[in-house]
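Structural features, examined
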Amino acid sequence: MQYEFRKLMELWKTRAGSLRFLIVGILLLQGGLQSTPFFRDLETRFQVVFYDMRFAFQEEPSWKNVPIYLLQIDDASLPSATCRSPVNRAWLAELIDQLAAYRPHLIVFNLLLDQPTVLAEDQRLADAIKRAGNVILREEAQASVLESFAQAAVERGSLRFQLDSSGTLKAVCNTPSSCGHPQPLPRVLWQTLQPEAPYPAPFQQQDWLAINFFRTDPNFVRAKQGANRRWFGAQDIAALSEEMLPDNAVVLIGTGFEDLYPAFKTPFFAEPGETLNELEVLSQILEMLLTPRPLKEVPWYLISLILAGVMGGLGWIALKGHPIAFGGLTLFAILGWMLGAAVVFAFADWVVVSVLPAILLGSFFIIFTCYLYLRETWDRLALELDLKQTKIDFLTQELNRHSLFNEFSRIRHLISRKPETAQDYLIEFADRLQTSLRFGDRLHVPLSEQVRYIQSYITQQQLLYGETLQFDLKWEGQWEAIQTPWNVFYPLVENAVKYTEPLIGASEGEGPSISVELAVKGNRLQFSISNPYREKMKVVSSKKGLRNLQQRLNYYYKPGSWSLESRAEGQRWLAKLIIPVNSERE
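Residues numbered from 1 in each chain as written. Predicted model: local features only at pLDDT ≥ 70, side-chain atom pairs only at ≥ 80, totals over all residues. Heavy atoms only, no water.

1. Some words on the overall build of the protein chain
The condition that has to hold: Helix and strand assignments come from DSSP, with helices taken as H or I runs of at least 4 residues and strands as E runs of at least 2, each series counted from the N terminus. Buried means the residue's accessible area, taken with a 1.4 Å probe over protein chains only, is under 20% of the maximum for its type, while exposed means over 50%, and partly exposed covers the values in between. By definition in these notes, contact holds between two residues if any of their heavy atoms fall within 4.5 Å. Each accessible area is a Shrake-Rupley estimate made with a 1.4 Å probe; only the visible protein chains count as cover when residues are assessed.
Across its full length, the protein chain holds 19 helices and 20 strands. Expressed as a percentage of its 586 residues, the buried residues of the protein chain come to 44%. When contacts within the protein chain are restricted to residue pairs at least 6 apart in sequence, those whose partners lie at least 24 apart make up 75%. Carbon and sulfur atoms provide 57% of the accessible area of the protein chain, an area that totals close to 30200 Å².

This is the structure we're talking about:
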C-alpha cells in the first residue's frame, strides 16, 4: 500500500500525471453537481433555447393511437344564474349523458368533486357517471373525491405540477411520492388505455415525468375546423357529429376560468398569451404517453466519458506547448458541446446535460493554464536554485582547496622545525578535515558544528604559537538550533590570524590577542572578530577567501538581508558579519 501511494505521488509530480488527476477531480465534481437542484434547474431553463430549433425542424406530432379531444367549460357554456365553483352538478350530469351518447372510449374529469352541494343534484351526477361507465376523476391528497362519485367512476388519480425558478412548467408528477397520492393520473390513464402494456420504463425511473413539449397554441388549436377539430366548448356538444367525435376518442373535460385556475408558462412561450391551462397540459402528457415520445436523458457515465475524452485531448495539446491552440479549441469544445446538445434534443428527443459540462470545460482551461504557468515558473526557479547550489558547491570546494593549500604548507614547515607539535597539529587538522568532508556538500549546517570547527582551528593555532597568541572567545544567546551555510565564519577567523601572525613575538610580555564574539540578537545572528592592526604592516594575501565568502552569501540569502563590514578602529581591525536566523533564504 505504501509503495502504491509512493508511485501515485511520483505520478502526480509529472505533468501528464497532474492532467489525469485534474480530469478525475473534475469528473467527480461533475458527478456530484449535475444532480443538485440548482444545476438541474439551470439546465432546464437553458433548454428553453433548444425548443426553437426543434420547432424549426419538426412538425407537430399526429395523434396516431387515440384521438384526444378537449372540452372546456367556460362562462359562455354555463347555464345562466349558476356559479363557477362548484359547477352545477345537475348540469354536469346532463353534459356527461350527452357525451356518453357518442360512445367515447374514455371521459376524464379535470374537476375536483370534493365538496357536497344539493344532495339530489350530487346523486344525479353520480348516476350519470355510473351510466357512462368510462369516467376517470381527478382528486388530490388534500381534496378527496366524494364517496358517491368515487364509487361511480371507473378510476381516479392525482395530478401535480413542478415549476422551475422562472415559473415555467417543467414536469408533471408521475409516481406516488411525487404526486402525494397512490394513483398518479398519468399512470391511471395509461393503464386504462393500454391494459396489456406495462407502463413505459423511462417513466418508472424518474420521480417527475419530463414533458416533451410541442407548441400547442390554444388560439391555433381552437381555430381548427371539421374532422380535425379537437377543441370545443360545452355548448358545442349538441352540434357534434359522430365523425367529429369517434368512438375511440378520449375526452378531457376541464374549466377555462383563468381567474380561478392557473395558466402555465412552457419552455416555448414567447408572448404572455402563449400559455397552457391544466387541460392542455394533461392532453400533452396523454399524447406523449400514447405516441410515445418521452424525453430521454443521456446517462451520466456517458457524459463523463465524453467529457474525459475532450479534456484529455485538450490537455495533450497544452502539454505539447500550444497555448493558443489550447485556448481556441477549448472555446470550440464549449460551443460545440452546446450546439450538439441542441441538435440532439431537436432531432432525437435526447437531453444532453450542457450547462455544467460547459462550465467545467471553462474551469478546466483556467485551472490547467494556471497549473502549467505555475509549473513552468516552479521548474525555472528550481533550475536556478540548482545552478546556485552548483555554484555554492564549486565555491565551497574552492575554499577547501585554498585552506588545504595553507594547511599543508604550514604542516611541512612544522615537521622540519617542531616534529612533536606537527604530530598534534596533524591530529587537529585531520579532525577538521573530517568535519569539512562531512558537511562540505550540505546546503546548511548546525551552528554548533561551525563553532566546534572554529574551536578546533583555534586549538591548532595555540599549538603553533602557545602563549604568544591569545584568543578571547565569547558565545552568547540560544544558537544551538540555528543553521547557517557551511564555513561562513571560518574565513574571517583565518583572515584575522593571518594578519596577526607578523606581530607575534614583536614585543615582550603577552602576545597579541584576537577577540571572537558570536551573539543572537532578535532574528539576526551577529559574528564579530577583531585583531591587532598596524597601518604600515604588509601581509601577502590574495583575498580569495573573503571574495568566496561574499559570493556564497549572495547566493544563499536575499539581497539586503545580510551585511559584512570590515574597518580599522584605532590599533585594531574589526570584521562583523550579520546574517538572518533561518528565515530569509532565497
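Still more to cover.
2. Side note on the side chain of threonine 330
Mapping threonine 330 onto the fold places it in helix α14 (residues 323-348). Those residues within four positions of threonine 330 in sequence are excluded, and the remaining contacts are Leu314, Leu361 and Phe365.

3. Brief notes about helix α16 (residues 419-439)
Our working definition: How far a helix is expected to stretch is found by multiplying one less than its residue total by 1.5 Å. For this quantity, the arc is that covered by the directions from the helix axis to the C-beta atoms.
Between the first and last C-alpha of α16 there are 30 Å, a value that for 21 residues agrees with the 30 Å anticipated at 1.5 Å per step. Taken residue by residue, α16 has Thr421, Ala422, Tyr425, Phe429, Arg432, Thr435, Ser436 and Phe439 as its buried positions. Considered in projection along α16, the buried side chains sweep an arc of 145° and stay on one side of the axis. Those residues of α16 that are exposed and aimed more than 90 degrees away from the buried face are Glu420, Gln423, Ile427, Gln434 and Leu437.

4. What about the nonpolar core?
What counts is decided by this rule: Among buried residues, those of type Ala, Val, Leu, Ile, Met, Phe, Trp, Tyr and Cys that are joined through side-chain atoms within 4.5 Å constitute a nonpolar core.
Grouped together as the largest cluster of nonpolar side chains are 37 residues, with contacts concentrated most on Leu71, Ile73, Leu92 and Ile129. Elements supplying a minimum of two residues to this core: β1 (68-73), α5 (89-100), β2 (106-112), α6 (119-132), β3 (135-138), α7 (147-152) and β9 (250-255). Take this core: its biggest share by element is six residues, from α5. In contact with leucine 71, not counting residues within four places along its chain, are Leu95, Leu99, Phe232, Ala234, Ile237, Val251, Leu252, Ile253, Gly254 and Leu279.

5. Notes on a nonpolar patch on the surface
What counts, and what does not: A residue counts toward a patch only above 30% relative accessible area and without a salt bridge, and it is joined to like-charged neighbours within 9 Å or, for Val, Leu, Ile, Met, Phe, Trp and Tyr, to nonpolar neighbours within 5 Å. For this document, the term salt bridge refers to a Lys or Arg side-chain nitrogen within 4 Å of an Asp or Glu carboxyl oxygen.
Among the surface-exposed residues, Trp300, Tyr301, Leu302, Leu305 and Ile306 lie close enough to one another that they form a single nonpolar patch of about 560 Å² accessible area. Owing to a relative accessible area of 60%, leucine 305 belongs among the exposed residues under this scheme.

6. So, the sheet that holds strand β19 (residues 563-569)
Worth spelling out the cut-off: A pair of strands counts as paired when DSSP detects no fewer than two bridges linking them. Axes here refer to lines fitted to C-alpha atoms; in helices the fit is confined to the stretch in contact. Angles between the N-to-C directions go from 0 to 180 degrees.
Pairing in this open sheet of five strands is mixed, and the strands run β15-β17-β18-β20-β19 from one edge to the other. What marks the edges here is a single partner per strand, and that holds for β15 (470-475) and β19. Strand-to-strand twist of the sheet, defined as the mean angle between neighbouring strand axes without regard to direction, takes the value 10°. Where β19 lies against strand β20 (residues 572-580), seven bridges are found, and the strand directions are antiparallel. Paired with leucine 564 across the strands is leucine 577, a residue of β20. Here helix α17 (residues 447-465) sits on the sheet in contact with β15, β17 (513-521) and β18 (524-532), set at roughly 165° to β15. Most of the contacts of helix α18 (residues 490-500) go to β18, to which it runs at about 10°, and overall it touches β15, β17, β18, β19 and β20.

7. Quick look at the confidence of the model for the protein chain
Short version of the rule: A residue's pLDDT is the predictor's confidence in that residue, given on a scale from 0 to 100.
Averaged over every residue, the pLDDT of the protein chain is 79; the share at 70 or more is 81%. Predicted confidence in the protein chain is weakest over helix α11 (residues 218-222), with a mean pLDDT of 42, and strongest over β3, with 94. Across residues 217-228 the pLDDT falls below 50, and counting only partners more than four positions away or on other chains, this stretch makes 14 contacts in the model.

8. Points about unusual backbone geometry
In this chain, serine 85 is followed by proline 86 through a cis amide linkage whose omega measures -5°. With respect to the element layout, proline 86 can be found in the loop between β1 and α5. Of note in this structure, arginine 103 is not a glycine but carries a positive phi near 55°. Its place among the elements puts arginine 103 in the loop between α5 and β2.

9. Some words on the packing of α5 against α6
Quick reminder of the rule: Just so you know how the angles are binned, under 35 degrees is roughly parallel, over 145 roughly antiparallel, 65 to 115 roughly perpendicular, and the rest oblique. Take the far helix as the reference: if the near one is turned anticlockwise from it by less than a right angle, the crossing is left-handed, and if turned clockwise, right-handed. Charged residues are taken to be Asp, Glu, Lys and Arg, nonpolar residues to be Ala, Val, Leu, Ile, Met, Phe, Trp, Tyr, Cys and Pro, and polar residues to be all remaining types, Gly included.
Put simply, α5 and α6 touch, their axes get as near as 8 Å, and they point 15° apart. Viewed along their axes, α5 and α6 adopt a mutual orientation that is roughly parallel. The crossing of α5 and α6 is left-handed. Touching Arg89, Ala90, Leu92, Ala93, Ile96, Asp97 and Ala100 of α5 are Glu121, Asp122, Arg124, Leu125, Ala128, Ile129, Arg131 and Ala132, all from α6. The residue inventory of the contact of α5 with α6, partitioned by class, reads nine nonpolar, no polar and six charged.

10. With respect to the environment of glycine 466
With respect to the helices and strands, the residue glycine 466 is situated in the loop between α17 and β15. Residue classification places glycine 466 among the partly exposed positions, given a relative accessible area of 31%. On a C-alpha basis, the gap between glycine 466 and glycine 511 in space is 9.3 Å, while along the polypeptide they are 45 residues apart.

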